[in-house]
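Next come the chains, spelled out residue by residue.
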Amino acid sequence: MSTTAILGIDLAASPRRPTGICLLTGGKAVARVLYSDDDILAAAVPGIRLIVVDAPLSLPEGRCCLKSECACAASGKHFRRCDLEVRNLGIRILPLTIGPMRRLTERGMMLKQEFSRSGFEVIETFPHAAQTIWRIKRTQVQKGIRSFLKGAGIALEGVESLSLDELDAVTCALVGVYYLGERFLETGTPDEGRIILPVPGTLKLGSGE
């Protein structure tokens with residue numbers, strides 16, 4: 001079994017709200033909640049191979065920012081290609097230009113820049129879409145994730161009491177396993193931005209992941 005470390009982050013738009021964090025190493029996952037940017041950045045300890053974030057990490061093509069008063073708003077772009085492709089899968093995803101999503105995107109892009117500067121590979125995912133692919137109902141995420149982890153042979157500390165933020169962070173880390181195992185669906189383009197999702201099927205942790 002691999003001991004590759006993956007950090008999953010279910011990012012909140014504001015440091016005042018909880019951000020779920022999950023460190024997945026081999027067959028063990030540890031989840032917790034953090035708030036400040038500094039604490040989130042500090043969670044990326046040496047040895048982590050991949051960071052998987054639930055937040056937009058790029059802007060729509062033609063935009064330099066998401067401010068309505070900026071000239072780039074004339075492009076009329078509210079979604080990236082990856083967002084539209086996820087929507088085409090029948091999964092609701094919000095436009096980046098509304099208030100909370102704008103703040104989330106700005107924070108996600110800043111953190112990605114800092115992580116990348118430290119040498120980490122960072123990818124974007126959408127836990128709700130991943131859970132839909134795994135046929136885990138949003139109203140039964142606690143039970144569904146617990147069952148999924150059991151089938152994959154992964155032990156998760158405190159699974160009975162984890163918040164939705166922590167469970168989504170666990171989902172992000174699991175998507176990372178699919179990504180490193182090259183069993184993933186990629187929406188969007190490298191130039192504008194990608195959302196990485198798992199392919200349907202059983203998760204297997206092997207020496208090559």
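Look up a bit, the structure's there.
Computed from a predicted structure; not experimentally measured.

A. Broad picture of unusual backbone geometry. Even without being a glycine, Arg 135 presents a positive backbone phi close to 60 degrees. With respect to the helices and strands, Arg 135 occurs in the loop between helix H4 (127–133) and helix H5 (141–152). For Arg 135, a relative accessible area of 78% gives the class exposed. A positive phi angle, close to 60 degrees, is found at Glu 182, a residue other than glycine. With respect to the secondary-structure elements, Glu 182 resides in the loop between helix H6 (164–180) and strand E7 (184–189). Glu 182 gets classed as exposed once you look at its relative accessible area, which sits at 69%.

B. Molecular detail of the pattern of salt bridges. A full pass over the atoms with the stated rule returns seven salt bridges. Measuring nitrogen to oxygen at the nearest pair gives 2.7 Å for the salt bridge that ties Arg 107 to Asp 37. Residue Arg 107 is located in helix H3 (residues 99–117), and its partner Asp 37 is located in helix H1 (residues 37–42); the two are separated by 70 residues in the primary sequence. Arg 107 gets classed as buried once you look at its relative accessible area, which sits at 5%. Of the residues examined, Asp 37 reaches a relative accessible area of 23% and is grouped as partly exposed.

C. Up close: the pairing of strand E2 (residues 19–25). For E2, a buried count of five out of seven residues is recorded, marking the element as mostly surrounded by other parts of the structure. Both strand E1 (residues 5–10) and E2 contribute to a ladder of six bridges, which runs antiparallel. Along E2, the bridge assignment pairs Ile 9 with Ile 21. Pairing geometry for E2 and strand E3 (residues 28–34), over seven bridges, is antiparallel. Directly across from Ile 21, in E3, lies its bridge partner Arg 32.

D. Geometry of the sheet that holds strand E5 (residues 121–124). Strand order in the open sheet made by the six strands is E5-E4-E1-E2-E3-E6, with mixed pairing throughout. At either margin of the open sheet sits one strand with a lone partner, and together these are E5 and strand E6 (155–156). Seen against the sheet, H3 touches E1, E2, strand E4 (48–54) and E5 and runs at an angle of roughly 155 degrees to E5.

E. Local environment of the packing of aromatic side chains. In the structure shown here, the tally under the stated rule is four aromatic pairs. With 6.5 Å between their ring centres and 90 degrees between their planes, Phe 115 and Phe 120 make a pair best called edge-to-face. For the pair shown, Phe 115 and Phe 120 are each scored as buried. Taken together, Trp 134, Phe 148 and Tyr 178 form an aromatic cluster joined through their ring pairs.

F. Inspection of the side chain of Asp 168 at higher detail. Here Asp 168 is to be found in helix H6. Setting aside residues up to four positions removed in sequence, Asp 168 forms contacts with Asp 10, Pro 127, Gln 131 and Arg 138.

G. Geometry of the environment of Ala 31. Structurally, Ala 31 can be placed in strand E3. Judged by its relative accessible area of 13%, Ala 31 is buried. On a C-alpha basis, the gap between Ala 31 and Arg 92 in space is 26 Å, while along the polypeptide they are 61 residues apart. Beyond its immediate sequence surroundings of up to four residues, Ala 31 is in contact with Ile 21, Cys 22, Leu 156, Leu 162, Glu 166 and Val 170.

The rules we used
Residues numbered from 1 in each chain as written. Predicted model: local features only at pLDDT ≥ 70, side-chain atom pairs only at ≥ 80, totals over all residues. Heavy atoms only, no water. Helix = DSSP H or I, 4+ residues; strand = E, 2+ residues; numbered from the N terminus. Buried < 20%, exposed > 50% of the residue type's maximum accessible area, 1.4 Å probe, protein only. Salt bridge = Lys/Arg side-chain N within 4 Å of Asp/Glu carboxyl O. Pairing = 2+ DSSP bridges. Contact = heavy atoms within 4.5 Å. Axes fitted to C-alpha atoms, helices over the stretch in contact; angles between N-to-C directions. Phe/Tyr/Trp six-rings, centres within 6.5 Å; stacked < 30°, edge-to-face > 60°.

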